Each structure stands twice: as structure tokens, then as C-alpha cells.
Amino acid sequence: MTGTIENPILNSPYEQPDRYYEIGPQGPTGEINDGRRPSESFIPIAITKKGKKGQFQQGVFDFDATGERREKNSLINEIRRDVAKWRRGGDYAGVTPITRKLLQHWADPKRENRVIFAQREAAETAIFLTEVAGRIHGYADWRKRLEPQNQAHNNGLPRAALKMATGAGKTVVMAMLIAWQTINKVQSPRDVRFTNRFLVVAPGITIRDRLRVLLPADPENYYDLRDLIPADLKGGLEHARIVIINYHAFQLKDAKEIRGVAKNTRLLLKGDRREDAFRETPQAMVSRVLRDLGADKQQIIVFNDEAHHCYQDKPLPAGEKADAEQQAANEEARVWFKGLQAIAKHVGIKQIFDLSATPFYLKGSGYNEGYIFPWTVSDFSLMDAIESGIVKVPRTPVDDDADHELVTYLRLWDFVGDQLPKRAAKDKVNDWLPPPELEGALKSLHRSYRKAFNHWQQELERHGETPPVFIVVCPNTVVSKLVYDWIAGEQIEVNGEIVAHRPGNLALLSNVLDGKPLARPRTILIDSAQLESGEGMKPEFKQAVGTEIAAFKAEYRRRNPGADVEKITDDELLREVMNTVGKKGRLGEQVRCVVSVSMLTEGWDANTVTHILGVRAFRSQLLCEQVVGRGLRRRSYAINDDGYFDPEYANVYGIPFQFISSDKPIKDPLPPKPVQQVAALEGREHLRITFPKLTGYRVELPDEEIWLDLDAAPVFEIGPNTVPRWVEMLGVVGSGERERGEDRVYRSQEVAFALAKRVLDTNFNTVDDKRPWLFPGLVGMCRDWIEQRVVLADGYDLGYLMTITEAQAEAAEKIWGAITSLADRRGRLRPMLNRFDPQGSTGDVDFPTRKATVPTEKSEVSHVTLDGKDGNTWEQLLAAELELNPNVAAYVKNDHLGFTIPYVHKGRTHSYVPDFLVRLKRLEDEEFDRTLIVEVSGSQKSPGPTQAKATTARDSWCASVNNHGGLGRWGYVEMTYPLEFKIRLGESIQLLHDDAPIIGDPDLLDFQTQNLRSARGA
């Protein structure tokens, strides 16, 4: 790029774009081209500047990792040219007088409430295809291009998709098209091209309710608010009949008589009949959904809002399997699609208009991920919207000073995904710490948010504007609750009673101030998918937001004196809060932060969002743009002196835009290798192996005075790691922002306090055993360690240990190592069980693989998978020995099992995955299992810190688990020479029975061996 493009806005929002940025092989060149940007399938987001080995590639932008999928959308571009030719001069040839009057009214440059061009173009395209294409000379019949696509993809449903960037005004387009159809039908009742019956289908309750502006009788209807109909034509609109639903209405409902009846009873009542007499038929469903349209037999027009949720999936290629999220998306799409099929069959559909910012197929749909719906006929892309100023410019991290090739806060999930829980802990979690990179991202984005907040306080608050909004999108309910409590604070309970309130870690977003909860929460936790379905919140989520609900009920009473708040369900209350974030005078107006489960659904349209943090996997463009789309709506629509909008920005962490969709279907792949399903087999439960899941290890020290051996402590250098000190954010065009971290200088005593607290919390305190009396001594030790062992790299200071969590954790670990390394004091090594998922089992294994496999007899899991391109002969040989050895009760290959050994290498925590678990046959008087962990160290293994892995496996994992006393006896062995596998296996089994050092360093073991020894007298 030839320099920073400070102002990305090139075009008026009300006129056809006539300039666009040249996109070269490495992104925007800085040159501006005349004319209209061709429709292409890509997302315009800046690529990272970081290159290999930390070298920087300044100003490089990426629109596809392979360079193979940046394609022109040919059908869209060809239709666009015809529509532009037809529009030229403003006469709109070939249309009815009513249509011409509407089109000219919308295009009038003198009107006060102008229609933006993105909306005009979408409506004009729909009208052109209906009234002009193929009907007058000089214009092709594009419907003939659409029909085969609809036949192939939609079973003949007449669909046409209008692609419009989020925030471009899809609802206005629907209103324009309803007005066009209805008034034409009133004037020409026999013209079969028109109707006054409409069905609007939305993906959820929020959008359904928001779309009430399409009802002419609604006080805030868009026909009046946006001045969409000339005064002399408004009377015709009263003939419009409009039904607005969410697609869930297409689900076939049970009769009242069968509700609550047990499943087996229902099956008995159904008998051999094909149809379920207690469930409504598709025809009955259609009658229910369209009841308010009356008995008129004319066909209807359907508007699918957020239409990317409505598609017909096809079978996946052999061996591919959709994950749970993809299966759910396919199931929802089927309900929507089949509902439309039923309407087409029993009533008739004249036309379906699909509106979406992302009309693409999802992964798991059977089509190429990101393949644009081939019935898409118009496109006002995100890049068009940026260049016309009608949306905010998303800025993503492109550079930082972390010691890693990746830009940490762009690819956040790569760093934290495997460290976040997937299920709830048994007990309440009061001491959760985010992974270092996540905490760094939260604090960094909060510092950037502070700038936006200060601007709001100084410039906007006095005008009644609402505060900027920070969004966090989490992968599941468990993580969202942990992140919410960390940000907003939480109540501390002892024996079921609230004794205190802990403030949140982000000052501007904390719901606790001066030890008391705020009457108006600044941060809210929502599960928009649950709220949108209309099926109500799950009990565990309702419990998680109980305090939040109580606060908003009190606020509702204050705003509505005399209202019966108990008549409002908790779901309705939270939905009202969620949908009014950023809305003046409404319940959610003062909300500053929204922590969301999974993702915020479409239709959540707060225009005050300035910061977004994605804490989940983003595997497709659709997910990326949907989440970022929640932050793209502009706050101000005031025109500057040049007739343009001024640019606005949204800063986005954790959402890696590097995906380009294509309008070309995927080529048939080469025949895949056969797929083998590897799973736990029914009937082999007696071969089950269970194992503990650990997050680390701790040492229980005696209560005598502790002291620090500085001679044993290595020098600690403060320098770069994976958590950056500064982050640079850029949009594809426009100005950037550099978040530079905190400026303040920390005294060594402050740092010593922080380190002492971390050492105490991490290594001494447990849920049931707090030791505050150790803190003063630890502070002194930490101060001595700072003075004598810390070395500062150029440009770094002690504040790095306060602002970069990973550095602080590593420093605390080094101090702890010096405390626990004293030879004359033996600590008691204990396992730190995963609070959220403490135990794994072979019974949970079920996955497809194309790896080489070997069937099993002595394993609950059906096969041993062999690593390496063509399989691992060493692993196969060991599996054969395990099958034959009479002392082996059961074994399993550690693939998709979830068994890992946490270890530390170069100051960072890693997970080691050994190859096999082998459960031995019990001896006569033993009441516990002995399990051998086996590592096959062969040529297929990747290089790594093998010594650190092996030492940790034996002397930390095995020792701590064996010390626990309730998890059986475990040993660790490496197999390094296949010709000796049989001998080595026999020796290892004997050593495990003998409680030899294979089970851990004897100096670290403290269980009572005399009570647990085998009958063999070991």
C-alpha cells in the first residue's frame, strides 16, 4: 500500500458509487479507480503485518490465503449493468406508471429524507427482474438464468437474493417492495405480477418484533417515517396484508391432548400409522401461519430476512461429518426451507426475496464453505458500504511486539481455545483467572475503550447520547459466566449468605463500585440464542443472571410506576434489556458491556458498539461477518460539508478475517481415503479405562517458616513473549489506532505485592485451605527476588509484570521454584484436577479417521489409530504385544481420548499427549487399578522438549496422582526400540506392581505404601 488512507469514504451514500480503491495482490494500493467496484466475494479486512520469524511486511493486506478464490460474481455484475443502463435518465422504461412514480420518488435528490443508494439499487433490481428483464428490447431475461439455479438448489422455489452489507437498510428495502407490489395490485387487480399478500420470515423474535415497522398501522412504520410513498398513493397501502413470523412457526405443533404424554405411550398410540395423528399436518401448519392473510387464493410474496439461515443442505462427501454447531444450523435451515415448500404447495408463492449481508453456504451444508447463493442478483458489499460511509470501518490487530509469528489478539482462539472449560464445575468458581492472552486482550481492548468512553463523556453525554458499548462473544455458557464475573465483579457467598461484593477487573465495566452492586448494571450477560427461540432460558442460565434480572426489575419499576413487574417474564425482561442497549430512554440505555453466549443474533442493532472481542472459534466468513456486523451500524448519519458521512470505526479483537468466498462451486474432490469410525463399543464396558484430567500440580508445604533460596533461582529476564505490550489496529482503509498499554510506573513494592499474591493463590491457597499468614513473608521474598534476580531487557520495566499476566505468572513460578527446591524440606505433591471436567473415559471416544487403523480385542475402543502418513509400525507392534500380554486387562490408543499431561517449557504451559494407556489385571487382594502410561518414541514423532515431557509425566503427573490416594496407581515408561517391546513391557508391568520409581520420584511420593502394596510383597 502506498501510504495510509486516512479517510476511507469516497462516495456519497445517496448516489451510485463512482470511485473505489484499487485492490492489488497485496491489498489496497492507495490508488482510486473511477467507476463502480465489481461484485467480488471477499471481506475487506487488513491482514497482519507480521511475517515469518517476527519480520514485518509493512502495509500488506490479504484477501485470501491461497489466491485462488477471489472471483467476480458474474451474474450480479451483468444484472447490475442492465439495471444501471435502465436507471440512466430516470425514466425507468417498461414499468407501470405506479412503479415509475415510486422509483422517481425514491431517487429524488431534492427530498429531505433521502433513500440511500444501497436501498434503491436492491429495490430497483427486484423491480427490474419482475417488470423489465426479457420484456422490453435490449434487456436479457435474467429469470432464465435464475430458474435452473433455483431448480438445482431450491427444488424450484422462486428465490432471488439481495445482498446488502449489515447496516445498509434491508428493512427499508422490504418496505419499498411491499409498497410497490401492493399499490400496483390495487391499481391493476388482474396483473398477475403483483400481490398484496406478504409473509415476512425472520430468524428470531428480536427481528420479528423489529419488523413491525413493515405494518402500515404501526406508529413507527417505515412508509411514513422514511417517506417511501408519494402522498397521492398512500391510500393504496391500507390494502396490504402482512404476516410477520420467526421461522420457528414452521415447526409442526403437537395437539394439546398429547402434550405431556410419555414418548413410549405416544409410540403405542401411533401404532403402525405413517402419519402422527397428534401432530399437525404441513397443510394445517400453513393455515395456522397464514391465518391473518385471509382466504384469498392469490399467491403470496415471501421476504426472508437474514436469509443465509434458509437453504437446502445436501449429503456431505464420504468421511466428512458436520460438527454439532453445523448440524444445528442445517436442522434450522431445514425447518425454514420445508415451511416455504409447504406454503408453495398449499397456497403458492409468487416470489421469494432473500435479504442478507452474507448469503453464503456454511461449512457442513454439503456445499463449498462461503459459496455465494447462486440466485443472488444484487450486491452492495461491505467494501462498497465502507467507501460510501454507511457503516463503521472494522479495525483488526495487524501488528504487535509479542514474541510470536501470529498477531496474538487477532488469533486469540489459537492461544486460549484449549484452556477454556467446556462444562461447568461442580462447585462455584470464585478464583478463576483467564488464560494470559485472554486477560491481556481484555485489558488492552478496555484501555482502547476508555478513549471512546472519555470522548463520549466530554462530547456526547451532554447531548443525551448513550455510552459506547463493548461486546464479548464467548463459546459457551460456562466461559461466558466466568468472563462476565471477571469483568463485572461478583457476589461472595459464605454458607449460602452474601457477605461481600468483589469488583470487576475492568473499571469502566464493573457492576460493583465501592464494594456495593450498582443499581444499573453496566455489564450484562445474555444468551441471545435462547432468548430468540422463544423457548425460554435454561435453568442454569437463569440462575447465572439472577442478580442482573433483579436489578433490571427494580429499574423497570422505577421507570414504570404502578406497573405489575411480576407479569413480565424474566425472558421478556432480558430480551427488552438486550434489544434496547444504546437506545435513549429505554431499559438498556446505560449498558456498556454485553457478554454473549455463542454469538449475538442478527437484528441486535445497537449503533453504539465500538469494541468487540471474540473468544470462540471462527471457522467461516459468515460467523466473522455476523459477529462484526453487530458493531458496524453508525452512530451518526449527519452529512458533512462535502455531502459525505464522516468515518466511524469499531475495534475488533479475536475475529480473524482471512476468508474469501467464491461464486464458483467447489470442484469434485479426488476420491478420499476410506473412513474408519473409531468408537467405544457396546458390550466392552468391562474394558473401560478412566483417568483424571489435570490442569497442573501443587505442593503442600508444612506450616513451618518458609524462606527463599536465591542461589537456586535463575536470572529472570523481562522481555518479549506472546502477550504484546502494544497492538496496532487497522481497517482495510482509513486511519488506524495503536493501543500502547499502560503509561504508569510501578514501584518494586507494588510488584512484590502482586507476585506474592499470585504465589499464595496459585501454590498455597486451595478452596478449603487458605493461608493468609504466609503473605507478609512472601512479599519480602518477592522483593528480594526482584532486586537480585530480575534483569530488564531494552525498553522493558517492572510494570511489565503488572500489565502482562503471562510474565507475572512466569515470575511467580520462578519464585515458587526457589521456595520449593530446598533439599531439606519435602513438599507433598498433589494434582490440580480440572474443576470443569475432572475425569475422562474411553467410553466417550467416537470419531471418524482416515489414518491407518488396527482393530482391537482388549480395548473398549474399536481400533488403534496409527500416527504418520502411512501409519506407525512401532505403534502397531506395541498394540500387538498388548493384545498378547496376559497381565494386560485393557489398553487404548490416546487419540481423541482427551488424556493430556500438562508441563511447562520455556515458561509456557503445554499439553503432552502420550501414546497409550494400559490397565493391568488386578492382583488378588488389590482394590484399585494400576495403569501404565506408554510413550512410543519412534521416527514418526515430532521434535520437542522430550525430556521435560518425560520428567513431568513420571515425577509430577504420576507422583501427584498417586499421592491423591483415590485415583489408582500410575506409572510412565518410554518404548524406544521395537525389538525389545515385549521384554520392556514385561519389565514395566513388574516395576509398576513393585511401586518402583516408574511411578514417580520416591522423594515426591508420600502415600502409605504398606497399606497398598500388592500381595506379591513388593
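Residues numbered from 1 in each chain as written. Predicted model: local features only at pLDDT ≥ 70, side-chain atom pairs only at ≥ 80, totals over all residues. Heavy atoms only, no water.

**Q** Looking at this structure, how should I read the pattern of salt bridges?
**A** Pairing is possible between side chains that carry opposite charge, provided their charged atoms lie close to one another. What the rule picks out here adds up to 47 salt bridges. The residue Asp414 makes a salt bridge to Arg411 at a minimum N-O spacing of 3.0 Å. Among the residues examined, Asp414 registers a relative accessible area of 46% and is labelled partly exposed. The residue Glu439 makes a salt bridge to Lys443 at a minimum N-O spacing of 3.0 Å. In this pair, Glu439 and Lys443 are both assigned in helix H13 (residues 436-460), 4 residues apart and thus about one turn of the helix distant. (Salt bridge = Lys/Arg side-chain N within 4 Å of Asp/Glu carboxyl O. Buried < 20%, exposed > 50% of the residue type's maximum accessible area, 1.4 Å probe, protein only. Helix = DSSP H or I, 4+ residues; strand = E, 2+ residues; numbered from the N terminus.)

**Q** How do you make sense of the sheet that holds strand E34 (residues 916-920) when you look at a structure like this?
**A** Reading across from one edge, E31-E34-E35-E36 is the order of the 4 strands in this open sheet, with mixed pairing throughout. Taken across any chain shown, the strands that pair with only one partner, and hence form the sheet edges, are strand E31 (888-893) and strand E36 (969-975). Between one strand axis and the next, the sheet turns through 20 degrees on average, direction left out of account. Of the pairings in the sheet, the one linking strand E35 (residues 930-936) to E36 comprises 7 bridges and is parallel in character. Counterpart to Arg930 in the pairing with E36 is Arg969. (Pairing = 2+ DSSP bridges. Axes fitted to C-alpha atoms, helices over the stretch in contact; angles between N-to-C directions.)

**Q** Whenever I open this one, unusual backbone geometry confuses me. Can you help?
**A** Residues apart from glycine generally show negative phi values, whereas peptide bonds are mostly found in trans. A positive phi angle, close to 50 degrees, is found at Tyr92, a residue other than glycine. With respect to the element layout, Tyr92 can be found in the loop between helix H1 (74-87) and helix H2 (97-107).

**Q** Hey, could you run me through the side chain of Asn651 in this one?
**A** Residue position: Asn651 is located in strand E18 (residues 649-653). Polar contacts involving the side chain of Asn651 include one to the side chain of Ser448, which spans 3.0 Å. If near-sequence neighbours (up to four positions away) are discounted, Asn651 is found in contact with Arg395, Leu445, Ser448, Thr610, His611, Ile612, Met729 and Glu737. (Polar contact = N/O pair within 3.5 Å; in protein donor to acceptor, adjacent residues only side chain to side chain. Contact = heavy atoms within 4.5 Å.)

**Q** Where do I start with helix H18 (residues 570-579) in this structure?
**A** One full turn of an α-helix is made of 3.6 residues, so residues set three or four places apart face in the same direction. Counting buried residues in H18 gives 7 out of 10 residues, a clear majority hidden from the surface. If you check which residues of H18 are buried, you get Asp570, Asp571, Leu573, Leu574, Arg575, Val577 and Met578.

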